[in-house]
Structure formats: structure tokens, C-alpha cells
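A closer look at the structure
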Amino acid sequence: MDTIMIDGLSFALPLFIMAIGGIYSERSGIVMLALEGLQGFGAFVGAMTVILSRFYLGNSSPYLIYIAMVAGMIGGSLFSIIHALLCVKFKARQVISGVVVNTLAVALTTFLTSVINGIITGEASNKFQIGVSSRFTVPVLSEIPIFGGLFKNMYPFEIVILVIALYCWYLLYKTKFGLRLRACGENPHSLDAAGGDVGKTQFIAIMICGALSGLGGIFIAYSVSGIFSPTIYMGYGYLSIAALIFGNWKIPRTFAVCLFFGFARSVVYQLLLKLGMPSNYTDLFLILPYVLTLLLLIFFSKHNHPPRAVGEIFDKSKR
Amino acid sequence: MNAKKERVPGNGLGGRIINALDDDRLSQFAIPVVSIILTILAAAALLLVLGKNPATAMTGFLRGSGFMMKPIYGGGQSMLTDFLSFLGILAPMLLAALGIIIGMKSGMFNIGMAGQMLAAGFIATVFVGYSGLNAYLAKPLVILLGILTGGLIGAIIGFLKYRFNIHEVVSSIMFNYIISYIVAFFINTYYKDIITRSSRVCSAASRLSITGVTWGTSKLTLPLGIILALAGVFLVKFLLDRTVVGFEMKAVGLNRDCAKYAGVNVGKSIILAMALSGVFGGLAGVTYYVGYFNSIVPKELASLGYDSIAVALLGNISPIGAIFSSILITIFQKGSIYMSSTVGVPKEIASVITGILLLFSACGTYMRYLARRQRERLADKAKKEGVQ
Amino acid sequence: MSEYIVEMRHITKRFPGIVANDDISIGIKKGEIFAFLGENGAGKSTLMSMLFGMYEPDEGEILVRGEKVKLSSSNEAAALNIGMVHQHFKLVDNYTIAENIILGIEPIKKIGGFIPYVDCKGAQEKIRELSKAYGLEVDPCQIVETVNVSIQQRVEILKMLYREAEILIFDEPTAVLTPQEIQYLLDIMEELRNKGKTIILITHKLEEIKRIADRCAILRRGKLVKVLNVNETTTQEMANLMVGREVVFEQEKSPANFGEVLLEVEDLTVRNEDKFDVVKNVNFSIRRGEIFAIAGVSGNGQIEIADAIAGLIKPQKGAIKLKGKDITDESIRRRTEDGMSYIPEDRQRLGVILDFSLEDNLAIKRYYREPFSQKGILKREGFQKFAEELIDRYDIRSGQGAKTTTRSMSGGNQQKAIVAREISLESDLMIFVQPTRGLDIGAIENIQKHILRERDKGKAVLLISLELDEVMSLADTIGVIYNGELQKISPAEELTTNQVGEYMMGVKS
């Protein structure tokens with residue numbers, strides 16, 4: 001039971017934080033298919049920073065985890081500038097721009113990992129071995145029956161993500177910036193006429209998205225898998241897009257969807273273990289999240305209300 | 001409202017480039033050419049940063065693809081071997097790009113090329129590659145299975161888009177993963193070659209290439225896929241330019257609402273376009289897995305499926321343009337192994353170059369806009385000077 | 001200090017291929033209602049957009065309160081207390097009225113002195129006060145998409161007042177309103193002037209100017225024709241100056257000659273995506289040789305009626321019969337072949353494919369038949385010949401003839417192309433939705449002539465127009481729609497404009 005809770009949460013939260021990033025971008029009117037590439041690039045920068053910082057701080061420094069988070073967020077948001085430039089400044093088609101970012105991210109991170117490994121170790125491996133960050137258990141809460149598992153063996157990431165998610169919710173719904181951001185996604189001309197800067201708002205929204213995706217990416221690399229390698233591109237970004245679509249572009253509902261994804265996955269996984277299936281069969285089981293995503297999309301897509309102006313290229317002179 | 005095009009005064013190179021970029025007819029050539037030049041400059045800069053000689057690297061790409069002589073060749077190898085091998089991998093690249101083009105013309109982005117390729121390659125391998133049928137039966141059957149498998153998956157994606165409004169990018173990515181895992185499961189469970197850890201090789205009779213031909217001292221593999229690909233180019237061009245079905249697809253792609261208003265059956269058109277796109281994906285898959293290679297590595301999607309997007313965009317989403325852009329991108333991809341071994345840069349740089357190429361191609365509209373603004377500025381200046 | 005609050009001197013603005021404003025000089029006095037009169041494309045909106053900072057003039061200068069200013073964004077205009085109500089409202093549909101008004105200048109409060117948040121409560125109070133002071137009734141907590149056009153316009157006006165604008169620009173404010181709502185708006189404008197605001201009114205409607213404006217500038221093809229004192233002129237003089245020739249106000253209309261019933265709409269109900277009935281149990285029929293006009297304020301279900309008849313949306317219930325045959329479940333193509341033409345409201349989204357050539361667009365309803373194609377293969381000569389014929393007959397102007405990309409054509413010529421295409425189908429039923437919107441007077445006359453000619457040929461015409469004048473001058477029968485219901489169906493001669501206006505607001509029933 002505890003394992004289900006622990007695994008479920010550690011799968012759900014990176015998805016969630018990336019999905020929030022997607023929500024920021026899409027609600028500002030920019031289609032965001034680049035989550036996959038952004039999380040990968042964030043993870044790459046984070047992992048690389050961990051590898052490099054270890055030389056100075058040693059392998060067991062408690063600061064590594066925080067350095068990784070900051071580096072991952074910076075990496076993701078820097079890389080997202082490409083998407084922002086293409087969509088906001090160059091008025092490129094946003095779907096294509098997303099694919100450009102994903103393609104570039106995969107190619108660049110794989111290439112740079114080889115190059116950097118070549119420099120550091122003399123061996124052109126495409127992996128950064130960074131290990132798993134340390135965990136902790138919340139004293140009292142973890143004693144609660146059934147749900148106590150949620151508070152056992154937590155990664156520091158999980159707390160950080162929850163705090164940031166809460167802040168993101170506040171920023172989107174309660175502040176001036178959020179009001180303007182959401183206006184961009186519904187009718188950018190309204191903001192323009194009211195004296196707001198549509199391009200700037202969208203640009204910032206995309207960079208926030210990049211930072212959040214980067215955080216999600218480094219969480220996966222540093223907590224779930226323990227390495228950075230091309231295997232990080234296994235579809236987390238697309239799953240979180242699916243999550244935000246069921247979540248109807250709203251943060252609380254998306255949270256519920258991510259938890260559902262996470263726990264559904266860990267429940268099936270544990271079941272398979274219990275049944276003692278041979279390892280080949282895990283491949284078959286691994287299609288479940290994707291099949292589930294498709295099925296859910298079939299049921300939910302029609303009833304959703306995406307932001308009205310999402311994907312439209314904002315042109316001041318058009319009325 | 002149609003502005004009379006004013007030429008930029010002066011005949012300088014800059015002026016000519018600006019004119020070409022903003023010309024209705026010329027821009028479709030000028031934009032890709034500028035993208036390529038910018039990409040090569042960026043790649044050269046990257047190589048310089050790594051302390052490598054860009055010129056050596058570039059010739060390395062050409063040598064590895066059979067466009068230039070290598071200094072030494074191994075036994076049974078020659079420039080012709082390399083070039084035929086280049087054509088062998090060019091075929092699936094071009095076929096996949098054709099699939100992307102059909103999709104894009106109808107407003108659909110078939111990013112699931114790689115999955116459709118894998119599925120088609122796998123089905124053809126299992127049902128024909130392992131069957132022991134003779135070549136005259138096996139080869140057409142491989143092609144047929146490729147068409148059917150790819151077409152079916154494409155049609156499903158189109159159906160999901162039309163009926164349930166599921167974005168084709170999301171659904172086809174989901175299909176990519178599903179296909180990849182299912183194929184991996186079957187290969188690992190039933191068809192695994194213990195030594196190579198990939199699927200067992202398919203029979204020579206079923207392969208879409210003729211192996212073991214000797215010419216002089218070199219052993220050659222004649223790729224049949226390239227014929228398929230070139231035929232495909234003209235077929236797609238004819239379809240899009242000259243047929244009622246193509247007219248409807250383009251109408252749907254440019255303005256779905258108007259197409260519906262005009263009486264086009266939008267759902268049918270979308271599904272058909274995605275099915276055709278998938279057909280070309282399937283053909284790319286069989287020429288790739290049952291032609292160029294003859295086995296499948298489990299859990300690996302061909303990066304060629306994604307590179308074909310760059311080919312389509314760089315070729316200005318036109319079938320003829322795709323011939324040129326696929327040659328260029330294949331030179332980088334195919335030549336990267338040889339380049340890597342001689343220059344000592346990881347071969348993944350080929351993907352980086354493709355990515356940069358894609359990046360610049362996506363900026364095409366902006367380049368045109370910049371050129372127009374620059375031209376207006378120059379024209380204004382000329383006018384003012386004329387007045388004084 | 002000069003006598004003018006706003007002065008524009010020698011303003012010239014060029015767009016690619018067109019001079020929108022050609023050396024215009026004008027002065028506007030504080031506390032007057034100053035009108036700009038001109039046809040579509042005369043350059044009124046461009047000129048005022050420059051005063052509002054949306055474009056910068058290529059030549060010339062702008063003075064506000066006697067000082068030279070450079071306006072490069074609407075922010076700078078707002079800082080000079082200039083506000084504008086745009087023709088197309090710039091509102092966020094799913095925001096509340098209050099949120100829309102404060103967008104861009106949000107009042108901030110802090111929880112515990114350090115967590116900032118947008119103070120909606122405070123804003124609502126302030127908006128209530130403002131709305132009371134100027135008689136602009138709104139409920140600041142309502143969501144914009146749930147209120148009608150007239151209230152949305154009040155929100156736009158309140159937006160300006162909330163920003164303490166002194167110079168208020170109204171761009172075609174009455175285009176979407178009923179006569180009674182227009183009355184209300186004009187009263188508000190006078191009220192605003194009496195409180196010392198300066199009002200600039202952009203319009204092509206002469207009666208409005210006559211009623212409230214003090215002075216009026218007439219623009220034609222980018223040039224300033226004349227500035228008149230309104231009480232020293234007549235509407236006829238203004239009209240002639242605006243068009244540049246004698247204007248005939250009424251179309252000549254021969255007496256109606258009705259034939260058999262062609263279209264029957266029975267109990268039609270249309271439900272939109274939000275499960276809301278936008279058309280409710282509508283019944284009517286149209287005979288051959290009859291122009292049946294549906295009058296109503298925008299957004300009351302008239303477009304949905306047209307879309308349902310044309311097959312673009314599926315009705316919830318009810319039946320549509322063409323020549324006695326039930327076509328409710330037929331495909332769009334089948335309906336076209338049965339004899340239905342449809343000129344849609346949104347021509348750039350529905351009517352044409354902007355990136356197609358003119359000839360492709362002219363053939364877009366018939367490309368699959370001879371002479372355009374044979375056995376699935378297109379015959380380009382057929383396209384070209386047909387296009388050249390229509391271009392000639394309907395005087396469609398374009399840069400490179402049949403091969404011109406439709407995007408590069410002017411809106412008026414795009415509209416002509418659509419009208420030409422639809423009339424050339426020779427259908428028995430013709431649906432015209434807003435056929436003259438955004439056209440200049442010459443083109444309007446022309447299209448109205450075509451409509452009348454089709455009626456005289458014995459076609460049944462369904463005309464949907466927001467221009468009440470157009471409805472009154474063309475229709476044989478008028479159906480007034482309000483809130484998805486046909487309030488009244490009556491022969492045109494039995495209704496006055498004011499009566500129609502009352503039905504349009506659901507006052508009479």
C-alpha cells in the first residue's frame with residue numbers, strides 16, 4: 001500500500017508541475033506542445049549542473065538537490081525562449097514551433113551529453129549518472145492509516161512542487177499578471193486596447209512554462225530514474241498535455257487528473273508484481289497510460305473549453 | 001489593394017536576396033536556401049567551438065554519403081556502395097516526408113510517422129519476412145502490408161480528430177508509444193535474435209532491395225525503395241494539383257469552415273488525408289525495416305520519422321521540394337557516422353543540424369516579413385531621395 | 001491656448017498600396033460632439049486610430065490641449081485622457097464586467113500588507129457609482145457573454161469613464177443596436193457632452209449626425225472634403241458630399257408577384273454547444289418572388305436559422321422543406337444541388353478560402369462537376385473560363401485576374417465574388433446574410449439591385465440583415481426575431497421602423 005502511494009505521488013507531481021506550465025502557456029494563447037522538450041532540456045541542465053557541482057561540493061552535499069532544481073528551472077526557461085521567440089516574435093505556427101523545440105531538445109541534449117562526458121571522463125556516454133536524491137518521512141502524518149504512505153519516503157522535490165503549484169494558482173487567479181495572462185488567451189485585443197502588452201505577457205508565460213517543465217524534468221531525472229539519458233523523452237510531456245486537457249485548463253482539476261494517472265499506474269504496477277509476470281509483460285503494461293490517455297481524451301475532448309484565442313497569431317492591426 | 005511590387009533600387013547582393021525572399025514565386029526557393037546557409041554557418045560555428053575543422057566535417061558528411069571519394073575503402077566497398085546505400089535510406093526519408101506533406105496540405109500534422117513506420121515494418125516482417133515466400137510474391141506483399149498498416153493507423157488518427165476533436169499530435173504520439181511497446185513485447189517474446197537483441201532478420205526474398213550484386217570489385221545493394229519514392233513524388237503532386245480529392249484536401253487544410261460550407265465532406269477528407277499520410281508512412285516503414293535494414297530494434301522509434309518533418313518544411317511542403325531537402329538532410333544523417341569516425345565529433349551532431357535546419361525553416365514567414373519591411377524602408381528612402 | 005482640444009495637422013497615413021489619409025487637417029473643440037462622416041474605407045477609422053495611438057502617422061502632427069504629442073500606443077492616448085469604443089468590442093467574454101473594466105489598470109490591495117491581489121470588490125463599488133452618475137446601468141458582477149450587445153457597449157463606455165477619459169471616440173457605435181437602443185445611446189452621449197466631455201463620433205449614418213452632432217467632417221477616399229456646422233446643412237447635402245454624387249436613397253422596387261411556397265421551416269429549434277436553445281420553435285415559409293427578411297439585433301439566433309437551413313448546423317428538432325421535400329437531414333452538398341445559395345455573414349471565414357485563387361473560390365461549390373472536372377480529374381480551363389465570365393459580369397476587380405490570390409483582394413471585391421458565385425448557381429432559394437456589410441454606397445446599391453432582380457425572376461429570398469433600413473427597403477415580408485423566437489411575421493408595408501424596433505427588443509408580443 002505504501003509503495004502505491006509513494007510511487008503514485010512521485011509520478012503524479014512532475015506531471016502536475018509540467019501541466020501547470022502548459023496551462024500558463026495555453027491560457028496566454030500559445031499552443032504548448034513543447035513540454036516534452038522543455039522538461040528534457042531542464043533535466044539536462046540540472047543533471048549537468050549536479051555532475052559539475054559534485055567536483056566542488058562532494059557527492060553527498062545536501063545543497064545538490066536545490067542546485068539541481070534551480071538549474072533545471074533556469075535551463076527549461078532559457079530553452080523555452082526559442083518557443084517564445086518563434087511564436088510571439090516570429091509569428092510562426094505554434095504547433096510546428098513546438099515540434100521544433102522538441103526535436104532540438106532531444107538532439108542537443110543527446111549530443112551535448114556525449115560531448116561533455118567525453119570531456120569529463122573521456123568516454124562518450126549519453127548518460128549522466130546522478131543518483132537519487134535523499135528522501136525523508138514526515139513524522140506524525142505518515143502514521144495515518146492508508147494515506148500515511150503519502151508522507152513516507154518523500155522527495156524534497158514533492159514539497160517544492162506543491163508549494164510552487166500553490167503559488168502558481170495564486171498568481172494565475174488572484175493577481176494583475178494572472179488577469180492579464182488569461183485575457184491574452186481569451187481575447188488578446190482586449191488587453192491590447194486596455195494598454196497591456198500582449199507579446200510581453202505571452203513571452204513571460206512561456207518562460208514560466210519552461211521553468212516549471214524544467215523542474216518536472218529534473219525531478220524525474222534526479223528522483224525517479226537517477227540518471228539523465230535520452231530515456232527521459234518517454235512521453236511525460238505529452239501525458240501532461242493530456243492531463244491539462246482533461247483538467248479543462250484549470251489547475252485544481254488538473255491536479256486531480258495527475259493524481260489519478262499516478263495512482264492508476266502504481267496500482268497496476270504493484271498488481272503485476274504480485275502476479276509475478278515475466279519482465280516481457282511489463283512492456284505490455286507500459287502502454288496502459290497511453291491507452292488510458294486516448295480513452296479519456298475520447299470521452300472528455302468534446303466537453304472542454306480551451307482558451308478561445310489559443311493558437312491564434314496575435315496581430316495588432318486586425319480587428 | 002494589390003501593392004505594385006517595387007524592386008529595391010540597386011543591384012547589390014543584399015538587394016537581390018531581399019527581393020527574392022519577398023517575391024511570391026521566388027520566396028519558395030529563396031527561404032529554404034537562406035535557411036540552409038544559416039544552418040551551415042551555425043553548424044560550422046558549433047564545430048569551431050568544439051575545436052574541429054568545419055570544412056573537414058562537411059566533406060566527411062559528403063564522403064560518408066557516397067558523394068565524394070573516401071581516402072580508403074574496405075574490401076568490396078566503393079563510392080558506389082556508399083551512394084547506393086545512401087539511396088537506400090533516402091527512400092524512406094522521402095516517402096515519410098511525402099506523408100507529412102499530404103497531412104500538412106490538409107491541415108493535419110502527422111507527427112506519428114515513426115510509429116506508423118514501425119508498425120508497418122513489423123507487420124511486414126512477421127507476416128512476409130519470416131514466411132519463406134518467393135520474391136515475386138513476397139515483395140509486392142510487403143508493400144501491400146505496409147500500405148494497409150500505415151493507412152489504417154493514419155485513418156484512426158484522422159477519425160479521432162474528426163469525431164472526438166482529439167488533437168492529432170497528441171493522439172499520434174500516444175500511438176507511437178503504444179506501437180513501440182507492443183512491438184517490443186512481441187519481438188522480445190517471440191522473434192528475438194539472442195545475439196543481436198533485435199528481431200530476427202527477414203528473408204532476402206522479402207526485402208525491398210537486391211543484395212549481393214557485384215560490380216567490379218564492389219558489392220552492391222540495389223535499393224528498390226527509391227523507385228517507389230520517386231513514383232510517390234509524382235503521384236502526390238498529381239493528387240494535390242490535379243484531382244478533385246486533392247482540391248478538397250487543400251480546401252479543408254486552408255479553411256475547414258469554408259470547405260464545409262462549400263459542401264465538402266470534411267470528415268471524409270480528413271480521414272482520407274490522414275490515411276494517405278499513413279500509407280506513405282507505412283511505405284517508408286517497409287523500405288526502412290524490410291529494405292534498408294532487415295531487422296527491428298525493439299523500443300526504438302526511427303528518428304527518420306521526425307527528420308522527415310524537417311524535410312517537408314524545408315522543401316516548402318511541396319513534393320518536388322522534398323526531393324532536394326531529403327537529399328540534403330539524408331547527407332547529414334547518413335554521412336554522420338563516417339564524419340564522426342574521422343573528425344571525432346559525436347554522430348548526434350547530425351540531429352542537431354537537422355534541428356537547427358527545422359528551426360530556421362519554421363522562421364520562413366518571419367524572414368519574408370523582414371525582407372518586406374526592409375524593402376519598404378529602402379523604397380521609402382529612395383522615394384525621399386528622389387523628391388529632393 | 002488654442003481653441004481646440006484636439007488638433008490634427010496635415011496628417012498622412014499610407015498602407016501598402018493605399019493612402020488611407022491624405023493631408024488631413026482638423027480641429028475639435030472642447031465639449032462638442034464632432035462627427036466624422038464617410039463611407040467604408042474613407043479613412044475615418046484610420047484617422048481616429050492615430051489619435052488613439054494605434055498607428056503613427058507617416059506625416060503631420062497631432063496636438064492635444066495645444067501641445068504637440070507623439071502617440072505610439074493606446075497607453076499614451078489614455079494618459080492624455082483619450083478613450084475609444086471600438087466598432088468590434090474588445091471584451092473578454094468570460095470575465096465579469098468589473099474585471100473587463102479594470103483590465104490594464106487593476107487596483108491592488110494587499111493581504112496582511114504584503115501579499116498583493118486584485119481588488120475586485122473595490123472596483124465594483126467604483127463602477128456602480130460611475131454607472132449611476134451617467135445613467136449607464138450595469139451589474140459589475142455579471143459575466144460579459146451573458147449580457148446583450150447594448151450592455152456590452154455600456155461596459156466599453158464605462159471602461160473609458162473609469163480611466164477618466166475626457167475625449168471619447170465612438171467608432172460606428174450604433175451599427176449593432178435597435179432604434180430604441182440607439183435613442184438611449186444618443187441620449188447618453190448628449191449627457192456626456194453636457195458634463196463637459198468631448199465626443200468624437202465616427203459613423204456613416206446621417207440621421208444620427210443630424211440629431212446630436214455639433215459639427216461634422218466629411219471624408220472621401222482618404223481626403224477631407226469639408227467640415228460643416230450640422231445645423232446649417234441638410235442630410236441630402238451631407239450624403240452627396242460623402243459619396244461625391246447625387247445619392248438615391250430608395251431602391252426602385254416593383255410590386256411583388258408571389259408564386260408557390262418554396263421553403264417551409266417548421267418548429268425549428270437549434271441548440272448551441274452550451275446546451276442553450278438559440279432558436280426556439282421557429283415557423284415561417286417563403287414563396288417564389290418573395291423577399292422574406294429577418295430583422296433582429298445581432299446574436300438573437302438569426303445566423304443560426306440561416307446556418308440550419310443551409311445545413312451547417314444540425315437542428316435540435318423541427319423540419320426544413322425545400323420545394324415540398326424534407327431536407328432536414330440532407331448533406332450541405334445535396335442542398336446546394338437541390339437549389340440553395342447561401343451568402344454567409346462572415347465572408348472571410350466562411351465565404352472564401354483566402355489562400356485560394358479567385359478562380360478556385362468562384363468554383364468552390366461546383367469544382368467536382370463538369371466543366372470543372374471529369375472523372376475526378378480537374379480541368380483547369382473550365383475554372384478559368386468560368387471565372388473570367390463572372391469577373392466580367394460582376395465587375396470583380398483583382399490584381400492578376402482569375403489567378404489572383406483572394407487574400408490580396410479588397411473586402412468589397414471578395415464580397416462581390418461571393419455574390420457572383422452564389423447567384424450564378426441559379427438556385428431557387430437564396431439566403432443572404434448581411435450582404436452589404438462593410439461595403440461602400442455604390443457597391444451596396446449594386447448588390448441590392450441583384451437581390452431585387454433575383455426576386456423578380458421568381459426566386460425566394462431569405463434576407464438577414466442588422467441594418468433596419470435595408471430590411472425596410474427590400475423586404476416583402478418581415479419576421480422579427482428576439483431571443484431565438486420569431487416575435488412577429490407580417491407584410492412589410494404593415495410595419496413601421498419603430499414597431500420593428502420594439503419587436504426587436506421583445507417589448508411587444
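Notes on the structure follow. The model shown is predicted, which means the values in this text are computed figures rather than measured ones. (Residues numbered from 1 in each chain as written. Chains lettered and ligands numbered in written order. Predicted model: local features only at pLDDT ≥ 70, side-chain atom pairs only at ≥ 80, totals over all residues. Heavy atoms only, no water.)

1. Remarks on the overall build of chain A
Scanning chain A from terminus to terminus reveals twelve helices and two strands. The linear arrangement of helices and strands in chain A, starting from the amino end, is α-α-α-α-β-α-α-α-α-β-α-α-α-α. Considered along the principal axes of its C-alpha atoms, chain A spans approximately 60 × 45 × 40 Å. Among the 319 residues that make up chain A, the fraction classed as buried is 60%. Counting only contacts in chain A whose residues sit at least 6 apart along the sequence, the fraction spanning at least 24 positions is 77%. Of the accessible surface of chain A, which amounts to about 12,300 Å², a share of 68% is contributed by carbon and sulfur atoms. (Helix = DSSP H or I, 4+ residues; strand = E, 2+ residues; numbered from the N terminus. Buried < 20%, exposed > 50% of the residue type's maximum accessible area, 1.4 Å probe, protein only. Contact = heavy atoms within 4.5 Å. Areas by Shrake-Rupley, 256 points an atom, 1.4 Å probe, with all protein chains shown as cover.)

2. Observations concerning the sheet that holds strand β24 (residues 485-491) of chain C
Residue and element names in this part refer to chain C. Spatial strand order, β18-β21-β22-β15-β23-β24: six strands in an open sheet with mixed pairing. The outermost strands of the open sheet, each flanked by one partner alone, are β18 (340-343) and β24. Each strand axis lies, on average, 15° off the axis of its neighbour in the sheet, ignoring direction. Here strand β15 (residues 291-295) runs beside strand β22 (residues 460-465); their pairing, made up of five bridges, is parallel. Across the sheet, the residue bridging to I291 is V461, located in β22. Contacting β15, β18, β21 (429-433), β22 and β23 (477-482), helix α9 (residues 302-310) runs over the sheet at an angle of about 145° to β18. (Pairing = 2+ DSSP bridges. Axes fitted to C-alpha atoms, helices over the stretch in contact; angles between N-to-C directions.)

3. Thoughts on the nonpolar core
C:F170, C:F284 and C:I309 are the most contacted members of the largest nonpolar core, which has 361 residues in total. Looking at which element gives the most residues to this core, the answer is helix α4 (residues 79-105) of chain B, with 16 residues. When near neighbours in sequence (up to four residues on either side) are disregarded, C:I309 contacts C:L263, C:V265, C:F284, C:I320, C:I327, C:R335, C:M340, C:L429, C:I431 and C:L462. By size, the runner-up hydrophobic cluster in this structure holds 28 residues, among which are C:I24, C:I26, C:F36 and C:M48. (Core = buried A, V, L, I, M, F, W, Y, C linked by side-chain atoms within 4.5 Å.)

4. Digging into helix α8 (residues 198-225) of chain A
All names here are of chain A. Between the first and last C-alpha of α8 there are 39 Å, a value that for 28 residues agrees with the 40 Å anticipated at 1.5 Å per step. With 20 of its 28 residues buried, α8 lies for the most part within the structure. A side-chain oxygen of the first residue of α8 lies 3.2 Å from the backbone nitrogen of G199; this N-cap is D197. (Expected span 1.5 Å × (residues − 1). Polar contact = N/O pair within 3.5 Å; in protein donor to acceptor, adjacent residues only side chain to side chain.)

5. Comments concerning empty space enclosed by the protein
Following the criterion strictly, the structure yields five cavities of 30 Å³ or more and no others. Lining the largest cavity we find 15 residues, and of these A:A193, A:A194, C:F52, C:M84 and C:R163 sit closest to its centre. Elements with a contribution of two residues or more to the lining of the largest cavity: α2 (74-79), β6 (82-85) and α5 (149-162) of chain C. In terms of residue class, the lining of the largest cavity is made up of seven nonpolar, five polar and three charged. (1 Å grid on protein atoms, 1.4 Å probe; cavity = no way out; pocket = protein on both sides within 12 Å on 5 of 7 lines; lining within 4 Å. Points joined across faces, edges and corners; volume = space filled by probe spheres on them. Nonpolar A, V, L, I, M, F, W, Y, C, P; charged D, E, K, R; others polar.)

6. Here's the deal with the interface of chain B and chain A
If you look at the interface, chain B gives 41 residues, while chain A gives 39 residues. Around 3,800 Å² of area is buried between chain B and chain A when both sides are counted, 81% of it from carbon and sulfur atoms. Linking chain B with chain A are zero salt bridges. The interface formed by chain B and chain A includes two residue pairs in polar contact (both at pLDDT 80 or more). Ranked by residues supplied to the side of chain B that touches chain A, first place goes to helix α7 (residues 168-191) of chain B with 14 residues. By residue class, the composition of the side of chain B that touches chain A is 31 nonpolar, seven polar and three charged. (Buried area = accessible area lost by both parts, 1.4 Å probe. Salt bridge = Lys/Arg side-chain N within 4 Å of Asp/Glu carboxyl O.)

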